[in-house]
Amino acid sequence: MLLTLSTTMGERPASDLGFLLHKHPERAQSFDVTAGKAHVYYPRADEHDCTVALLLETDPVELARQARQGGSWALGPYVNDRPYVASSLLAVALGKVFRTALAARCEARPELVTRAAPLRIELPAVPHGRDRELPRRLFEPLGWEVEHEVLRDPDRGETRYGRLALRGEHPVSEALNQLYVLLPVLDDAKHYWIGQDEIDKLLRAGGAWLASHPERELISGRYLVHARPLVDEARRRLTGDETDHDDTTETRPLAAQRRAAVLEVLRTTGARSVADLGCGDGKLLRDLLDDTEFGEILGVDVSTRALRIAERTLRLERRSERENRRIRLRQSALTYTDSGLAGYDAAVLMEVIEHLDPERLPALEHAVFGHARPARVVLTTPNSEYNSHYPDLANGMRHPDHRFEFDRAEFAEWTRRVAGTHGYTVTSSGVGEADRRLGQPTQLAVFTRNDLSDRDATP
Ligand code: SAH
């Protein structure tokens, strides 16, 4: 799938386009995007005319593989619909490759950002579905001169795809934002999006022009309504609110794999009493309660809402009195010392630290490792390097509430420092399907208090 944008830039050197796009005209660049590669290059860049090309190479085998392995892309059923894949993925690639230009930022030539330039945009194949007039209805009200030629199949005649050429005077960032929203809208019913705040994103990209667009109902309807189930699916898979219970590790959602990995550590280290710190919706607590080896279980969270949800997950009213005696929930902030958290064989901090402002992290380190001092701490956190597998994350992180995410080097350094400061020994591993370059999606560290690891070491 190819998109080209050409301009004369009016009275400026045309190659100034490179500043606006933050892509140097003399360098071809490639970016990893979902199941493929996006290449950016300039077929022409001189004083008078400048054309930038965004070429998206999708790899159908990789798409199918990711769908099978429960990646965040539910493309399985659509893999063969190449124009669709290309069209929706093209918008995602655009969002990634031209992120800064879409945000209308240009430190090198700030005066260019708001200036309209004569532009030509060409797309050799865009879908229009049953409505051949749709491309016109979408782009003409925005001031584009639209050339749309429906593509024909030699046997079956008119297809639902067409060649689209747009001409008009627009600021480059505005044109890119329009494409970002409208390319997927053209591809009705098969549109998917990954992101927590798709409404915000629509408003951000469409803010300047969408409100007065005669088709704004259709645009926002398609953008949001059709995105919903898929967004929900992406969210479920990322946050682990899964509904399936597949047994094989590879197809289980990451959150389920994480719980399994944490449970495995707790079992093999022989923990009997476990405090789940930042227990959230209580799924790990449920797994712990279902295993009678864990005789004493504590769920802690700062959020009373989370604790109410955990209570529902646990269905305590349906459980025996004996089970009820094994578990307690407690509201507490992990950035304050709490003697109620002391004396446990193991504490779990699963996907919690990244929710704290970095400057509050030392307070948690002190409260957990310095004060509560469980024999073991099992801790997980995202590996930020892996995020390029989730293009288009709203804030560049896995969850809107994340305050930071560690790459592998940062995590290694942090765990070593915390262990050293508080008298623990640490070993690290990961959870989830490994990428040769980027590692695994989740980082997992097991801290063992030194008096125990010394004892473990003695035969
Ligand atoms: N451990 C769960 C939930 C992770 S979400 C899981 O892996 O599914 C992070 C949780 O940490 C949220 O429930 C949030 O309320 C809780 N949390 C965030 N900051 C906290 C703090 N300072 N003290 C206690 N809990 C906190």
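Coordinates for the structure precede this section.
Residues numbered from 1 in each chain as written. Predicted model: local features only at pLDDT ≥ 70, side-chain atom pairs only at ≥ 80, totals over all residues. Heavy atoms only, no water.

**What about the site of the ligand?**
Going by this rule: Proximity criterion: a residue is near a molecule or strand once any of its heavy atoms comes within 4 Å of it. For this analysis, a polar contact is any N or O atom pair within 3.5 Å, provided that within protein one partner can donate a hydrogen and the other can accept it, and provided that sequence-adjacent residues contribute only side-chain to side-chain pairs. Note on areas: Shrake-Rupley, 1.4 Å probe, and residue coverage restricted to the protein chains presented here. Classification convention: Asp, Glu, Lys, Arg as charged; Ala, Val, Leu, Ile, Met, Phe, Trp, Tyr, Cys, Pro as nonpolar; all other residues, Gly among them, as polar.
Close to the ligand lie 14 residues; G278, D301, V302, L334 and M350 are nearest. In this structure, G278 approaches the ligand through a main-chain N or O atom, which is 2.7 Å from a nitrogen atom. Residue M350 places a main-chain N or O atom 2.8 Å away from a nitrogen atom belonging to the ligand. Protein coverage of the free-state accessible area of the ligand, which is 570 Å², stands at 80%. In terms of residue class, the shell around the ligand is built from 7 nonpolar, 5 polar and 2 charged.

**Side note on the pairing of strand β14 (residues 442-449)**
Where we set the bar: When accessible area is computed with a 1.4 Å probe and restricted to protein chains, residues below 20% of their type maximum are described as buried, those above 50% as exposed, and intermediate ones as partly exposed. Each helix is a run of DSSP H or I of at least 4 residues and each strand a run of E of at least 2, with the numbering of both proceeding from the N terminus. For two strands to pair, DSSP has to find at least two bridges joining them.
The buried count for β14 comes to 8 of 8 residues, which makes it a mostly enclosed element. Burial of the side chains of β14 extends over both faces: T442, L444, V446 and T448 are buried on one face and Q443, A445, F447 and R449 on the other. Bridging between strand β12 (residues 376-382) and β14 involves 7 bridges; their strand directions are antiparallel. From the neighbouring strand, T380 faces β14, where its bridge partner is L444. Strand direction decides the pairing type here: strand β13 (residues 424-431) and β14, joined by 8 bridges, are antiparallel. Looking at β14, one finds that G430 is bridged to Q443.

**Here we look at the packing of aromatic side chains**
Operational definition: Between rings of Phe, Tyr and Trp, where Trp is taken as its six-membered ring, a pair exists when centres lie within 6.5 Å; planes separated by under 30 degrees are stacked, by over 60 edge-to-face, and by other angles tilted.
Applying the stated criterion across every chain, the model contains 7 aromatic pairs. Ring centres of F369 and Y424 lie 5.4 Å apart, and the angle between their planes is 85°; this geometry places the pair in the edge-to-face category. Taken together, the residues span a long stretch of sequence, with F369 in helix α14 (residues 361-372) and Y424 in strand β13 at a distance of 55 residues. F369 sits in the buried class, given a relative accessible area of 0%. Y424 gets classed as buried once you look at its relative accessible area, which sits at 4%. Among the aromatic residues, ring-to-ring pairing joins F404, F406, F411 and W414 into one connected group.

**Some thoughts on α14**
Rules: What a helix should span is 1.5 Å times the count of its residues minus one. Only heavy atoms enter the contact rule, under which two residues are in contact if any of them lie within 4.5 Å.
With 12 residues, α14 extends 15 Å from end C-alpha to end C-alpha; this agrees with the ideal 16 Å at 1.5 Å per step. Contacts made by the buried residues of α14 are with β8 (273-277), β11 (346-350), β12, α15 (408-422), β13 and β14. In the segment just after α14, R373 is the residue with positive phi, at about 45°.

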